Amino acid sequence: MTTVAVKPATMAQALTRAMRDAMAADPTVHVMGEDVGTLGGVFRVTDGLAKEFGEDRCTDTPLAEAGILGTAVGMAMYGLRPVVEMQFDAFAYPAFEQLISHVARMRNRTRGTMPLPITIRVPYGGGIGGVEHHSDSSEAYYLATPGLHVVTPATVADAYGLLRAAIASDDPVVFLEPKRLYWSKDSWNPDEPQSVEPIGRAVVRRSGRSATLITYGPSVPVCLEAAEAARAEGWDLEVVDLRSLVPFDDETVCASVRRTGRAVVVHESGGFGGPGGEIAARVTERCFHHLEAPVLRVAGFDIPYPPPMLERHHLPGVDRILDAVGRLQWEAES
Amino acid sequence: MTVMEQRGGYRPSPPPAWQPRTDPAPLLPDAEPYRVLGTEAAGKADPGLLRRLYAELVRGRRYNAQATALTKQGRLAVYPSSTGQEACEVAAALVLQDRDWLFPSYRDTLAAVARGLDPVEALTLLRGDWHTGYDPHEHRVAPLCTPLATQLPHAVGLAHAARLKGDDVVALAMVGDGGTSEGDFHEALNFAAVWQAPVVFLVQNNGFAISVPLAKQTAAPSLAHKAVGYGMPGRLVDGNDAAAVHEVLADAVRHARAGGGPTLVEAITYRVEAHTNADDATRYRGDAEVDAWRDHDPIKLLEHELTTRGLLDDAGIQAARDAAETMAADLRERMNQDPVLDPMDLFAHVYAEPTPQLLEQRAQLQAELEAEGETP
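Just so it is clear, the structure is predicted and the values come from calculations on it, not from any experiment.

Visitor: How should I be thinking about the overall build of chain B in this particular structure?
Guide: Regarding its fold elements, chain B presents 14 helices and seven strands. Across its three principal directions, the C-alpha atoms of chain B cover 90 × 70 × 45 Å. Taking all 376 residues of chain B together, the buried fraction comes to 47%. At a minimum sequence separation of 6, the contacts of chain B that also span at least 24 residues come to 76%.

Right, dumping it as structure tokens:
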């Protein structure tokens, strides 16, 4: 019996490979953004693409996010499939008007005659020691905008599969890349034919019976770690990785909560007006009679993103998650 | 050891990496708005083109009047009239080839119609039965754009994409004087110049952004001067002189088509009517100013030129007016019919495939309609 040598790969490498494979398969795929060409991106996610496909296919643009996304709209109008890199979460804000007023609604405005197949890659989230405007979790802004898909991978394999799906999608996709997972490694063979993950399906990362942790992106590994630690407390936690915030997979989430009867939503984004409120409401509306306790949220504090020397107090960690699990009214069972 | 000694040299002036990139002189706009009508240049203009421009101006003026009337009858939610600006609207459409693209703002319905769009479909946005009433690909007219200047980067991207594909396509993007203050104006012009994209930017300087005059909008010598900062030529033209606007825009289109890159054209014109039917222009300007511009009217200017030179007689004038009346009657009749609305359309074009959440909401609306007995 022979085994294929599977080398560990990083999420950044999987993302690069996804763009490379998409560009090779489809000449209309164009990568554009700040420093994506010669440098290969500040996170090196576009490394080698300009060299392999030329600067017309992987283009260093002027430093102007609205211009980048606005010209990508025009390119998509003409039949191209732009993959736009926003260098950091907080640097994507100048592009909001293009995103909200045009990208998200051009299909709707034109009764489906002018869809915009644009992928907007946004490195997001904290935990890398970035200063000030380099660590935002901006997903709540995006998921509040109808017409966008909002996707975020948590594993190396998903980074590849979901990015391929995003680029192939005929709708605009905001593709949120958890930057602190860029260098996470996983056994993933980049030379094997890769699967494209459908957008809109959550996945159970860890099965458990006691309670469900509902999470996504950078918080998935934290929740898995918390689930391991929870075994010492006698809790067997299930971890659901949403992968896609829009569309939202009510089915997988609710099936899990109905099994466990308890749920905690975990994300870095602020709690007030954050995705957790919507998720808790959806779960409560659909699973009320299965719930043993209110759905709780473990989120970032409702503060501007803190300076790096204080960010560990802000980010949801194992202890804060376990503390929330402990408040899920277990006394009713004893 | 001092710092200088460590680095091994000392240079009192900057290294020669910096060089001036472009001689700005050829990019500078004309000192005065370029004119053709009433000047010697008019003699060289093609009489056939002038007569066509005239017919389109008359038709355009009538279209604006009819659309404004439709707002009073409740058939249009709102109409931003381009009365007085017809020369710009018409010339922008006429200088383009069939394969080229037009990127209009919300005041440029007339340009879209002059480009060949159905006059009723062009008013869908303003009637309010949908946002864009036409397939943009059919006549290569992008959706009428309300957020100011945001369509300009689209024009740049489309022209850039066409050039990458090797297609001979020029994009002409329209914006007003107020729109030049927007960030997207700056970013679009900068991208266009860096990419040498085949784009023509037409700024209709009609004097006002709703109520705010140009003096509160910019301190630039002219809006056309802004071109120089981006490294593209700026042109200044009398926006009420249809022959001049056509010539300047046609030059810019030719320049773009030949690979020369973008041009910024500022057309000096005037918004004779209020911002929209919902605006009251008497709050911010006087009659004398408006009257002066009414004397410098695009139709009067061209009619005077054509009749003086014997290129147009009373019968020709009447023929143009009759054609405009026929168009207006057709527009009136069709706009007086109630549009057919399907509430289920609300969910039809949000995504290629509706999300599970939208399917639930669609079912909710369906049930509400059935309860009301309104099922289509």
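There's more to say after this.
Visitor: Where do I start with the domain arrangement of chain A in this structure?
Guide: Interface size is commonly expressed as the accessible area that is lost once the parts come together. Residue and element names in this part refer to chain A. Here the domain parsing of chain A yields domain 1 (9–187) and domain 2 (203–333). Taking the mean C-alpha position of each, domain 1 and domain 2 sit 27 Å from one another. Across the boundary between the two partners, domain 1 contributes 25 residues, which contact 22 residues of domain 2. Those elements that provide at least two residues to the side of domain 1 that touches domain 2 are α6 (139–143), β6 (149–151), α7 (156–168) and β7 (173–178). Counted by class, the side of domain 1 that touches domain 2 contains twelve nonpolar, nine polar and four charged residues.

Visitor: Would you take a moment to explain the sheet that holds β6(A) for this structure?
Guide: Strand pairing within a sheet occurs via backbone hydrogen bonds; the two strands may be parallel or antiparallel. Residues and elements named next belong to chain A. One open sheet accounts for seven strands, arranged β3-β2-β4-β5-β7-β6-β12; its pairing is mixed. Because the sheet does not close on itself, it has two edges, and the strands there are β3 (58–60) and β12 (244–246). On average, adjacent strands in this sheet sit at an angle of 20 degrees to one another, irrespective of strand direction. Both strand β2 (residues 29–33) and strand β4 (residues 81–85) contribute to a ladder of five bridges, which runs parallel. Of the residues in β4, the one forming a bridge with M32 is V84.

Visitor: Is there a simple way to explain the environment of D236(A) in this structure?
Guide: Residues and elements named next belong to chain A. Locating D236 in the fold gives a position in the loop between α8 (219–230) and β11 (237–241). Classification of D236 by C-beta neighbours within 10 Å gives partly exposed; the count is 15. In this structure, D236 is in contact with G208, R209 and S210, ignoring residues within four places of it in sequence.

Visitor: Which parts of the structure should I look at to understand the sheet that holds strand β14 (residues 296–300) of chain A?
Guide: Residue and element names in this part refer to chain A. What the five strands build is an open sheet, ordered β9-β11-β10-β13-β14; its pairing is mixed. The sheet is open, and its two edges are formed by β9 (203–206) and β14, each paired on a single side. Direction aside, neighbouring strands of the sheet carry axes that sit 25 degrees apart on average. By the bridge criterion, three bridges tie β9 to β11 in an arrangement that is antiparallel. Note that in β11 the partner of V203 across the bridge is D241.

Visitor: I keep staring at the interface of chain A and chain B and nothing clicks. Help me out?
Guide: Contacts between the two partners involve 35 residues from chain A, matched on the other side by 33 residues from chain B. Elements represented by at least two residues in the side of chain A that touches chain B include exactly α3 (65–77), α4 (96–103) and α5 (106–109) of chain A. Of the residues forming the side of chain A that touches chain B, the biggest block, nine residues, is contributed by α3(A). Of the residues belonging to the side of chain A that touches chain B, the class tally is 15 nonpolar, twelve polar and eight charged.

Visitor: Help me understand helix α10 (residues 275–287) of chain A in this model?
Guide: Because an α-helix completes one turn every 3.6 residues, residues spaced three or four positions apart along the sequence face the same direction. Residues and elements named next belong to chain A. If you check α10, its first and last C-alpha atoms are 18 Å apart, about what 13 residues at 1.5 Å a residue would give, namely 18 Å. When we look at burial in α10, the residues that qualify are P275, G276, I279, V283 and C287. Angularly, the buried residues of α10 cover 95 degrees about the axis, an arc narrow enough to put them on a single face. Away from the buried face of α10 by more than 90 degrees, exposed residues A281 and E285 are located. Where α10 is buried, its residues meet α6, β10 (211–215), β12, α9 (250–260), β13 (263–270) and β14.

Here is what the cut-offs are and how they apply
Residues numbered from 1 in each chain as written. Chains lettered and ligands numbered in written order. Predicted model: local features only at pLDDT ≥ 70, side-chain atom pairs only at ≥ 80, totals over all residues. Helix = DSSP H or I, 4+ residues; strand = E, 2+ residues; numbered from the N terminus. Buried ≥ 20, exposed ≤ 12 C-beta atoms within 10 Å, placed from the backbone. Contact = placed C-beta atoms within 7 Å. Domains from an automatic or database assignment. Nonpolar A, V, L, I, M, F, W, Y, C, P; charged D, E, K, R; others polar. Pairing = 2+ DSSP bridges. Axes fitted to C-alpha atoms, helices over the stretch in contact; angles between N-to-C directions. Expected span 1.5 Å × (residues − 1). Arc of directions from axis to C-beta.

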